[in-house]
Amino acid sequence: MRTAIPLLLTLLLTQLLAGCGNVSYYLQSVGGQLEIWQREVPVERMLQDPGLSPLLKTQLERALRIRDYASRELGLPDNRSYRSYADLARPFVVWNVFAAAEFSTEPRQWCFAVAGCVGYRGYFSEAEARRHAAKLAAAGDDVYVGGVPAYSTIGWFDDPLLNTFIHYPEPELARLLFHELAHQLLYVKDDTVFNESFATVVEQAGVTRWLAAHGSDADRARYAQLQSYRADFRALVTQTRAALAGLYAGNAAPEEKRRRKAELLSVLQTQYRQRKGDWSGFSGYDRWFAQPLGNAHLASVAIYTQRVPAFEALLRQQGGDLPRFYAAVRELAALPAAERSRRLDALAPLL
């Protein structure tokens, strides 16, 4: 941590000199990261504590096994990330603010000197996130604020295990760790959809392999069930987003667009309630639907899924071999954005 703090301050100064944002935003980012470091404890030390909760001990040991597997079998970075633990005493580590114009399905972009431009803005405080969202809404944007259990510093620092996800079921814990480590393996500035879709495919491939080697029949069945629910949810969102994109591209008057937009979003709510009836009591997307729906909601999902079919196709082209897949993705990452997009389109159309 002693060497990390000067680096963090250097990054902050770089951001401020680059004129990429306001001082208060970067100060809250530094404060949030410092709080994590202050609460961080090496897992090995915690496991030696006789007073450690048996449940937490079991979960930490499980997380270390998954972490070791990620580097040994999946070729993900072998570093100190996810080998320490921090209890933040809150349900999420950050809250992301997504925004989109009233008649656009594309997310607003925020640009940072190190991470590049991304389709959301993260806050360590829910209150601050909602204040920023309120300002954007007052200016006419659709907004969505979503709590996030984990985030990646894309290799700048060693990311810890957190109370916000440590008690996830084993397949979900593995899914999260593989996803976040994939960001450390490869990250392209200014292309959020590329980064998140790549990490999503890595997580899916990783969990499939993990469950084949270490999961029970019940684990595999439950994971397949959850994947089916995710696919249903993504299909509903993708269909609605496409319908809205067509509406916005048309020549209807603004009043008519608003009316049709409200209808389409209402239909999405109805479709979700109907589909959820087949989900054996699963309610994992209720929080997402609890806020008034808008373009920002749909964009927040598209960021993570738009290029998933293309990366899945690329992985199949490599015979499922992850090192070859990573090499092929690095080749794509090195291309200019337009050529990268063209090649991904050739693998699978953009959702």
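Quick caveat: nothing in here was measured; it's all calculated off a predicted structure. (Residues numbered from 1 in each chain as written. Predicted model: local features only at pLDDT ≥ 70, side-chain atom pairs only at ≥ 80, totals over all residues. Heavy atoms only, no water.)

Trainee: When you look at the state of the cysteines in this model, what are you seeing that I'm missing?
Mentor: In the structure shown here, the tally under the stated rule is one disulfide. Two residues share a disulfide in this structure: cysteine 111 and cysteine 117, whose sulfurs sit 1.9 Å from each other. Around the S-S axis, the bridge from cysteine 111 to cysteine 117 shows a dihedral of about 100° and counts as right-handed. (Disulfide = S-S within 2.5 Å.)

Trainee: In this structure, what is going on with empty space enclosed by the protein? I would like to understand it.
Mentor: Over the atoms, a rolling probe the size of a water molecule traces out where space has been left empty. By the definition in use, this model includes one cavity of 30 Å³ or more. Estimated volume of the largest cavity: approximately 70 Å³. Lining the largest cavity are Gln33, Ile36, Tyr82, Ala150, Tyr151, Thr153, Asp159, Pro160, Leu162 and Phe165. Counted by class, the lining of the largest cavity contains seven nonpolar, two polar and one charged residues. (1 Å grid on protein atoms, 1.4 Å probe; cavity = no way out; pocket = protein on both sides within 12 Å on 5 of 7 lines; lining within 4 Å. Points joined across faces, edges and corners; volume = space filled by probe spheres on them. Nonpolar A, V, L, I, M, F, W, Y, C, P; charged D, E, K, R; others polar.)

Trainee: Quick question: what am I supposed to make of the side chain of glutamate 170 here?
Mentor: Within the secondary structure, glutamate 170 sits in helix 6 (residues 170–185). Judged by its relative accessible area of 14%, glutamate 170 falls in the buried class. Side chain to side chain, glutamate 170 and arginine 62 meet in a polar contact 3.1 Å long. (Helix = DSSP H or I, 4+ residues; strand = E, 2+ residues; numbered from the N terminus. Buried < 20%, exposed > 50% of the residue type's maximum accessible area, 1.4 Å probe, protein only. Polar contact = N/O pair within 3.5 Å; in protein donor to acceptor, adjacent residues only side chain to side chain.)

Trainee: What's the story with the pairing of strand 7 (residues 142–148) in this structure? I'm lost.
Mentor: Among the seven residues of strand 7, five are classified as buried, and the element is accordingly described as predominantly covered. Pairing of strand 3 (residues 94–100) with strand 7 involves seven bridges; the strand directions are antiparallel. Bridge assignment links phenylalanine 98 to a residue of strand 7, and that residue is tyrosine 144. (Pairing = 2+ DSSP bridges.)

Trainee: When you look at the environment of glutamine 33 in this model, what are you seeing that I'm missing?
Mentor: Examined against the element boundaries, glutamine 33 turns out to sit in helix 2 (residues 23–39). Judged by its relative accessible area of 5%, glutamine 33 falls in the buried class. Spatially, the C-alpha atom of glutamine 33 lies 27 Å from that of alanine 299, the residues being 266 residues apart in sequence. In this structure the side chain of glutamine 33 is engaged in a polar contact, spanning 2.4 Å, whose partner is the side chain of tyrosine 151.

Trainee: What is the right way to look at the pairing of strand 3 in this model?
Mentor: Regular strands show a simple pattern: their side chains alternate between the two faces of the sheet. The buried count for strand 3 comes to seven of seven residues, which makes it a mostly enclosed element. Burial along strand 3 is two-sided: the residues Val94, Asn96, Phe98 and Ala100 and Trp95, Val97 and Ala99 are all buried. Relative to strand 6 (residues 121–123), strand 3 runs antiparallel, the two sharing three bridges. Looking across to strand 6, one finds that tryptophan 95 is bridged to tyrosine 123.

Trainee: Sorry, what's going on with the pattern of salt bridges here?
Mentor: Opposite charge on two side chains allows them to pair when their charged atoms are near. For the coordinates displayed, the defined rule picks out 24 salt bridges. A salt bridge links arginine 39 to glutamate 35, with the shortest nitrogen-to-oxygen separation between them at 3.2 Å. Within this pair, arginine 39 and its partner glutamate 35 are both found in helix 2, separated by four residues, close to a single helical turn. A salt bridge links arginine 230 to glutamate 172, with the shortest nitrogen-to-oxygen separation between them at 2.4 Å. (Salt bridge = Lys/Arg side-chain N within 4 Å of Asp/Glu carboxyl O.)

Trainee: How do you make sense of helix 9 (residues 254–276) when you look at a structure like this?
Mentor: Structurally, the α-helix is built with 3.6 residues per turn, so residues lying three or four positions apart point the same way. The end-to-end C-alpha distance of helix 9 is 33 Å, a good match for the 33 Å that 23 residues give at a rise of 1.5 Å each. Along helix 9, the positions that sit buried rather than exposed are Lys257, Lys261, Leu264, Leu265, Leu268 and Tyr272. For helix 9, the elements touching its buried residues are strand 7, helix 8 (217–249), helix 10 (286–290) and helix 11 (295–305). (Expected span 1.5 Å × (residues − 1). Contact = heavy atoms within 4.5 Å.)

Trainee: Looking at this model, I keep getting lost on the sheet that holds strand 8 (residues 161–162). Mind explaining?
Mentor: The pairing of strands in a sheet happens through backbone hydrogen bonds and is either parallel or antiparallel. Ordered by their spatial adjacency, three strands build an open sheet running 1-2-8, and the pairing between neighbours is mixed. Where the open sheet ends on each side, the last strands, each with one partner, are strand 1 (40–42) and strand 8. Taken together, the two bridges between strand 2 (residues 84–86) and strand 8 define a ladder with parallel strand orientation. Bridging across to strand 8, alanine 86 finds its partner in leucine 162.

Trainee: What am I meant to see in the sheet that holds strand 6 here?
Mentor: Taken in spatial order, the three strands make up an open sheet running 6-3-7, and their pairing is antiparallel. Looking at strand neighbours, the two that pair on one side only are strand 6 and strand 7, the edges of this open sheet. Averaged over all pairs of adjacent strands, the angle between their axes in this sheet comes to 25°, without regard to strand direction. Those strands touched by helix 11 are strand 3 and strand 7, and its axis lies near 45° from that of strand 7. (Axes fitted to C-alpha atoms, helices over the stretch in contact; angles between N-to-C directions.)

Trainee: Any chance you could explain the side chain of serine 81 here in plain terms?
Mentor: Looking at where serine 81 falls in the secondary structure, it is placed in the loop between helix 4 (54–74) and strand 2. According to the relative accessible area criterion, serine 81 is buried, its value standing at 0%. Those residues in contact with serine 81, other than ones at most four positions away along the chain, are Arg67, Phe157, Asp158, Asp159, Leu181 and Gln184.

Nothing here speaks to function; it is all geometry.
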